[in-house]
Amino acid sequence: MIIDISYFTGPLLITGLSATGTGVAVQVSKAKKDNLNYFIGKYENQFLNYLLGEDLANEFKTEIAKEPHDVKWDTLLSKLKYTETIGSNTYNYSLIANYIYYYFQRNELTDTTSTGEYDAPQRMTIINKSVFAWNSMVNDVMKFWEWMDEVYKDYYTDYESFSINKDLTSYINSLGI
């Protein structure tokens, strides 16, 4: 995987990932981490396929798994994830994390029980944060594609064009309209 749970901080903070000690809180934290790792595994690949097209995404994933890898793959990776230092703290950022956060939080909107689905009590907060994450991702995707248009001819000449899923450039709102 390209990203991990360390990318879910700041506006993408998912509460309950870092319980310490013993007891139920630790077990809940582990379950939440496992669930987030599932979403990272599932939606990271989906996002890369939508962003780059399957051919380029598959080659990218294959090439960055090798050591050493060509500079063009490092360059592409640096556009998908990066670190930033603010004061004495270093933070991980990725447009991939925004995409995953949206789907993770959408899953958190309801709880499934033996008697049916129930809305989460913090439904509007989850929706508003999810909308913010999605729209931030849209902004980043558009900047990424502008960058790809500039460097594409220099680095990725093996591909006639990279495939774009236009859903990644559609803003959303909390009303679903």
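First things first, this report covers the structure right here in the doc. (Residues numbered from 1 in each chain as written. Predicted model: local features only at pLDDT ≥ 70, side-chain atom pairs only at ≥ 80, totals over all residues. Heavy atoms only, no water.)

### Considerations on the side chain of N135
Structurally, the position occupied by N135 is in helix 5 (residues 123-155). Overall, the relative accessible area of 17% leaves N135 in the buried class. For N135, the residues in contact, after removing those within four places along its chain, are Y171 and I172. (Helix = DSSP H or I, 4+ residues; strand = E, 2+ residues; numbered from the N terminus. Buried < 20%, exposed > 50% of the residue type's maximum accessible area, 1.4 Å probe, protein only. Contact = heavy atoms within 4.5 Å.)

### Notes on helix 2 (residues 54-64)
What helix 2 keeps buried is the set L56, A57, F60, E63 and I64. The arc enclosing the buried residues of helix 2, seen along the axis, measures out at 135°, which places them on a common side. Seen from the open side of helix 2, the exposed residues pointing more than 90 degrees away from its buried face are E54 and D55. (Arc of directions from axis to C-beta.)

### Section: the pattern of salt bridges
In total, this model carries 2 salt bridges according to the counting rule given. With a closest N to O distance of 2.8 Å, D34 and K30 form a salt bridge. Highlighted residues: D34 and K30, both in helix 1 (residues 24-52), separated by 4 residues, approximately one helical turn. D34 gets classed as partly exposed once you look at its relative accessible area, which sits at 40%. A salt bridge links E63 to K66; its shortest N-O distance comes to 3.1 Å. (Salt bridge = Lys/Arg side-chain N within 4 Å of Asp/Glu carboxyl O.)

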